[in-house]
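# What the coordinates show
Given next are the chains, with one letter for each unit.
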Amino acid sequence: MERFVIEGGHRLNGTITPAGNKNAALPLLAAALLTDHPVTLHNLPRIGDVGTKLALLQKLGVSVEQSQGTSWTLHAAGVGDTEPDATLARKIRTSILLAGPLLARRGAVRLPRPGGDMIGRRRLDTHFLALQSLGASIEVTPTEYVLRADRLRGTDLFLDEMSVTGTEQAIMGAVLAEGDTTICNAASEPHVQDLCHCLNQLGAKIEGIGTNMLTITGVSALHGGEYTIGPDFMEVASFIGLAAVTGSALRIAGARPREHRMSRIAFGKLGVRWQDDGEDIVVPPDQELHVQEDAHNAIPKIDSAPWPGFNPDLISIALVVATQARGTVLIHEKMFESRLFFVDRLISMGAKIVLCDPHRAVVVGPSPLYGEPEGLPSPDIRAGMALLIAALCAQGRSVIHNIGQIDRGYERIEQRLQQLGARIERV
Ligand SMILES: CC(=O)N[C@H]1[C@@H](OP(=O)(O)OP(=O)(O)OC[C@H]2O[C@@H](n3ccc(=O)[nH]c3=O)[C@H](O)[C@@H]2O)O[C@H](CO)[C@@H](O)[C@@H]1O
Ligand SMILES: C=C(OP(=O)(O)O)C(=O)O
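Please read all numbers here as calculations on a predicted model, not as lab measurements.

## Observations regarding the sheet that holds strand E21 (residues 376-377)
The 4 strands are arranged E21-E22-E1-E23 in an open sheet whose pairing can be described as mixed. Of all the strands in the sheet, just E21 and strand E23 (424-426) have a single pairing partner and so form its edges. Both strand E1 (residues 4-8) and E23 contribute to a ladder of 3 bridges, which runs antiparallel. Bridge pairing links isoleucine 6 to isoleucine 424 in E23.

## Looking at the nonpolar core
Counting 141 residues, the largest nonpolar core has Ile171, Ile240, Ala318, Val321, Ile389 and Ala390 as its most contacted members. Among the elements that line this core, the one with the most residues is helix H12 (residues 381-393), at 11 residues.

## Remarks on the sheet that holds strand E15 (residues 275-277)
Across a sheet, strands are paired by hydrogen bonds formed along the backbone, either parallel or antiparallel in direction. Here 4 strands make up an open sheet; going across it, the order is E2-E14-E16-E15 and the pairing mixed. The open sheet is flanked by strand E2 (13-16) and E15, the only strands paired with a single partner. Shown here is a sheet whose adjacent strand axes are inclined to one another by a mean of 20°, direction ignored. Bridge analysis of E2 against strand E14 (residues 249-252) gives 4 bridges, and the strand direction is parallel. Residue pairing for E14: isoleucine 16 is matched across the bridge by isoleucine 252. Packing of helix H8 (residues 233-246) onto the sheet brings it into contact with E2, E14 and strand E16 (280-283), and relative to E16 it is tilted by some 15°.

## Observations regarding the domain arrangement of the protein
Segmentation of the protein into domains returns domain 1 (4-19 + 231-426) and domain 2 (22-228). Taking only C-alpha atoms into account, the centre of domain 1 sits 31 Å from that of domain 2. Counting residues at the interface gives 19 residues for domain 1 and 16 residues for domain 2. Ranked by residue count, the leading element in the side of domain 1 that touches domain 2 is helix H13 (residues 404-409), at 4 residues. For the side of domain 1 that touches domain 2, the per-class residue count stands at 7 nonpolar, 3 polar and 9 charged.

## Comments concerning the environment of alanine 386
Position of alanine 386 among the secondary structure elements: in helix H12. Given 28 C-beta atoms within a 10 Å radius, alanine 386 is considered buried. Each C-alpha atom of the pair alanine 386 and leucine 314 lies 9.1 Å from the other, and the pair is 72 residues apart in sequence. Other than its neighbours up to four places away in sequence, alanine 386 contacts Ser316, Ile317, Leu319, Val320 and Phe342.

## What to know about the UniProt feature "active site" (unreviewed entry) in the protein
If you check UniProt for "active site" (unreviewed entry), the listed places come out as Asp117 in our numbering. Along the chain, aspartate 117 falls in the loop between strand E6 (108-112) and helix H5 (125-133). On the basis of neighbour counts, which here come to 21 C-beta atoms within 10 Å, the residue aspartate 117 falls in the buried class. The contact partners of aspartate 117, leaving out residues within four places of it in the chain, are Asp380 and Ile381.

## A word on helix H1 (residues 22-31)
Because the α-helix completes a turn every 3.6 residues, residues three or four places apart line up on one side. When you tally the buried positions in H1, you get 10 out of 10 residues, the bulk of the element. Along H1, the residues that are buried comprise Lys22, Asn23, Ala24, Ala25, Leu26, Pro27, Leu28, Leu29, Ala30 and Ala31.

## Here's the deal with the site of ligand 1
Asn23, Ser163, Val164, Thr165 and Met335 are the nearest of the 21 residues found near ligand 1. When residues in the shell around ligand 1 are grouped by element, the largest group, 3 residues, is from helix H6 (residues 164-174). Here the shell around ligand 1 is built from residues that sort into 8 nonpolar, 8 polar and 5 charged. In terms of domain composition, the shell around ligand 1 takes at least three residues from each of domain 1 (4-19 + 231-426) and domain 2 (22-228).

## Points about the UniProt feature "binding site: phosphoenolpyruvate" (unreviewed entry) in the protein
Look at the UniProt record and you will see "binding site: phosphoenolpyruvate" (unreviewed entry) annotated at Lys22 and Asn23. With respect to the secondary-structure elements, lysine 22 resides in helix H1. Once you skip the residues sitting within four places of it in the chain, lysine 22 turns out to touch Pro45, Ile47, Asp49, Asp232 and Gly409. With respect to the secondary-structure elements, asparagine 23 resides in helix H1.

## Observations concerning the environment of alanine 318
Note that alanine 318 resides in helix H10 (residues 315-322). In this structure, the C-alpha to C-alpha distance between alanine 318 and proline 45, residues 273 residues apart in sequence, is 24 Å.

## What about the site of ligand 2?
Close to ligand 2 lie Lys22, Asn23, Arg93, Gly116, Asp117, Ile119, Asp313, Ile381, Arg382 and Gly409. For the shell around ligand 2, the secondary-structure elements that each account for two or more residues are H1 and H12. A per-class count over the shell around ligand 2 returns 2 nonpolar, 3 polar and 5 charged.

What counts and how
- Residues numbered from 1 in each chain as written.
- Chains lettered and ligands numbered in written order.
- Predicted model: local features only at pLDDT ≥ 70, side-chain atom pairs only at ≥ 80, totals over all residues.
- Pairing = 2+ DSSP bridges.
- Helix = DSSP H or I, 4+ residues; strand = E, 2+ residues; numbered from the N terminus.
- Core = buried A, V, L, I, M, F, W, Y, C linked by C-beta atoms within 7 Å.
- Buried ≥ 20, exposed ≤ 12 C-beta atoms within 10 Å, placed from the backbone.
- Axes fitted to C-alpha atoms, helices over the stretch in contact; angles between N-to-C directions.
- Contact = placed C-beta atoms within 7 Å.
- Domains from an automatic or database assignment.
- Nonpolar A, V, L, I, M, F, W, Y, C, P; charged D, E, K, R; others polar.
- UniProt positions renumbered as here; feature names shortened; annotations may be inferred.
- Near = placed C-beta within 6 Å.

If you want it as structure tokens, here you go:
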């Protein structure tokens, strides 16, 4: 099993370019099933989950070709199978997103329970609500889902929560449905927007992109086309956090600063500053991190919420940054129940954190962090990255295990950080 060995306590310096957005790439790969014509995706990140998704599509009969670099062409004309490979499907959360497209194109699908990060209960009820409303029948067994639909019909949907993948499922079910669909209480993260823009490039008719109300006019078929996936805003914010705690000067190229207005507010509560330079974000070196108290010297909180709120995938990163900021802050992960348990590892590295309950942690900083040579297991993508950042900030040597979790979401992370001067090896 591979590990990262990290020698912390050194400044980094230089320019880093974020990879394509993981959470856009994965639904876009599923969307290629909606047309018989070739779809070329540019800026596809070379991450573990994309590899699994490509293998899953190939096994279904999709032709997959790397055109050049990060551009891949998918051609789903030959897909007849409605039972995706269960072993691969169990590895990732977005295997469930094959449901909408296969129902729309083939009228049936059998899927196992999906995988993905183990960060609390991951309900699929919003997906089922949406597909049922579009006309599908759904059999839920303890291990799998069997869905059927002779045809999907447009509907007036009000989602029970702003689920990201639930919204994506509803969109992919609706684009080829007969008639119009409205999706109210829709999620609107940049990756949901990417999915809509890409589908429109292929001939879909989706309006309201970026808002919580989408209107979709069903079309009889989609054509081929190409689409460039946007930068991964979770990577961008992770690099901002990394620069802040290591005192590093980093330029994050092509970071789309407008996607980071809420991150600026959340990280700003810890005293983290950066400048926008066109499409780049420039993080200055040697920042003095101070918790910015609320009015009347009250303890501020950083909490997660659906877009444009602070993304829950960034809570683990904010937690590490908080360990280096002078003052006290409450970190409140409102969306997932089991995301904060990794703080035990930070505590063992020297952080002062009180885990109040599964959703809330109080962090008192700054605490010098010490390397953890005995090994830090990476429990999920973002906690793994948070531990990696903590290890680069800590004095001494740390070892991170189970790095397949980090590789699921971050592309060749050690090589890209080595170019900035990080002392990190994959062994
Ligand atoms: C492949 C992919 O895109 N994965 C992302 C997707 O997962 P995913 O689509 O699985 O996450 P959901 O948006 O469905 O839900 C996330 C959690 O938040 C809760 N919830 C959701 C909406 C809401 O209005 N209120 C609420 O409490 C849900 O019950 C759940 O516990 O979105 C999550 C939330 O941004 C991210 O962490 C995941 O990285
Ligand atoms: C939770 C995440 O991923 P997934 O939904 O694919 O498990 C994540 O990207 O942080």
